[in-house]
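# A structural walkthrough
Spelled out, the chains give:
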Amino acid sequence: MKQEHAVIRMDVLGRKAWLKVYVEDERRFKLGVLDLAARVLGVRALRPPPHWGGARACATEHKRLQELAACGARVPEVLGVGPNALLIGDIGTTLKSRLHETDAAGQARLIALAVQALAQVHARGGHIGQPYARNLTVTDEGGIGFLDLEEDPRDNMTLEQAQVRDWLVFAAGTSRYFEHPEVEFAALLRPVLQAAPEPVRTELVRSVRRLRIVERIASRLGERARRIGGALASLRIALDA
Ligand SMILES: Nc1ncnc2c1ncn2[C@@H]1O[C@H](COP(=O)(O)OP(=O)(O)O)[C@@H](O)[C@H]1O
Ligand SMILES: [Mg+2]
């Protein structure tokens, strides 16, 4: 397996921290189900952002950490900067591991917190990029934190598209925690998506419509695609006025 970069947990002066080392990487695109759909169906919000390794990825993550902190989002504090490494503070346990430790009610409560946190970042003019449960954290105080910011979707799309992307990516990663995502997850998303600014809502409706074919055939394409189908159905229902 090609080593892309290393993320190492450390103790710095008695405090938990993480060293993230960015290795040069020739890979430009990761082609997943959503990326493929983005190309075939022309969903702009899902175009993969340019993927850099080394110093450029490091600089992107450093810049994004500062931008998001300025938006009031919980992101790691930058403790040290090298040409291709960042030393950052700890912001808690990943949402993914918290979701695996709790029951259905606990999962719904955590996901509701994450939905609110994402909406708040958006309301302040921010975007995340890869808001999968493994890249979100739950802090000791119960707040939601954001990690893994080495790619910036704003390199190849507008802010509205980047915010739409956040909802598509978040839903694709999180719908699996609901037994009936098109009921429970959609109910949780509805108030937030209905309150989103008009250009974002319009672009999200347009993207979900274009992805309808994926939603329809997803159940026949295996487990991962089936979850994406559930995510798209949840978004579509949540957006229905
Ligand atoms: N600041 C941090 N606080 C808590 N956990 C972290 C932090 N940084 C990294 N991690 C842990 O390391 C994992 C990988 O870090 P991430 O920035 O997502 O890099 P990658 O690009 O390898 O996914 C995260 O999923 C999380 O478990
Ligand atoms: Mg990650």
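Just so we're clear, the structure is a prediction, and the values are computed from it rather than from any experiment. Numbering of residues begins from 1 in every chain and follows the order in which that chain's sequence is written. Labels are handed out in written order, letters beginning with A for the chains and numbers beginning with 1 for the ligands. Restriction of local features to residues with pLDDT of at least 70 applies here, the model being predicted, together with a cutoff of 80 or more for giving and counting side-chain atom pairs; totals for whole chains, interfaces and linings are based on all residues.

So, about the sheet that holds strand 2 (residues 15-22). As summarised here, the arrangement of the four strands in space is 1-2-4-3, forming an open sheet in which the pairing is antiparallel. What marks the edges here is a single partner per strand, and that holds for strand 1 (5-12) and strand 3 (78-81). This sheet shows a mean twist of 20 degrees between the axes of neighbouring strands, independent of strand direction. For two strands to be treated as a pair, DSSP must find no fewer than two bridges joining them. The helix and strand labels rest on DSSP assignments: H or I over at least four residues marks a helix, E over at least two residues marks a strand, and numbering proceeds from the N terminus. Bridging between strand 1 and strand 2 involves eight bridges; their strand directions are antiparallel. Pairing of Asp11 across the sheet is with Lys16, part of strand 2. Of the strands in this sheet, strand 2, strand 3 and strand 4 (85-89) are in contact with helix 2 (residues 54-70), which crosses strand 4 at around 30 degrees. All axes are obtained by fitting lines to C-alpha atoms, using only the stretch in contact for helices, and the reported angles, taken between N-to-C directions, cover 0 to 180 degrees. Residue pairs are scored as contacts if the distance between their C-beta atoms, which are placed from the backbone, is within 7 Å.

Glancing now at the pairing of strand 1. Burial analysis of strand 1 places just zero of its eight residues in the buried class, which makes it a mostly uncovered element. Taken together, strand 1 and the strand that follows it, strand 2, pair antiparallel across an intervening segment of two residues, in which Leu13 is found at a positive phi of about 50 degrees. The exposure label follows from counting other C-beta atoms within 10 Å of a residue's C-beta, where the C-beta atoms are placed from the backbone and the thresholds are 20 or more for buried and 12 or fewer for exposed, leaving partly exposed in between.

Here we take up the sheet that holds strand 6 (residues 136-138). Pairing is antiparallel in the open sheet, where three strands are placed in the order 5-6-7. Since the sheet does not close on itself, it has two edges, and those belong to strand 5 (93-94) and strand 7 (144-146), each with one partner. One ladder, built from two bridges, connects strand 5 with strand 6; its direction is antiparallel. Bridge pairing in strand 6 places Thr93 opposite Val138.

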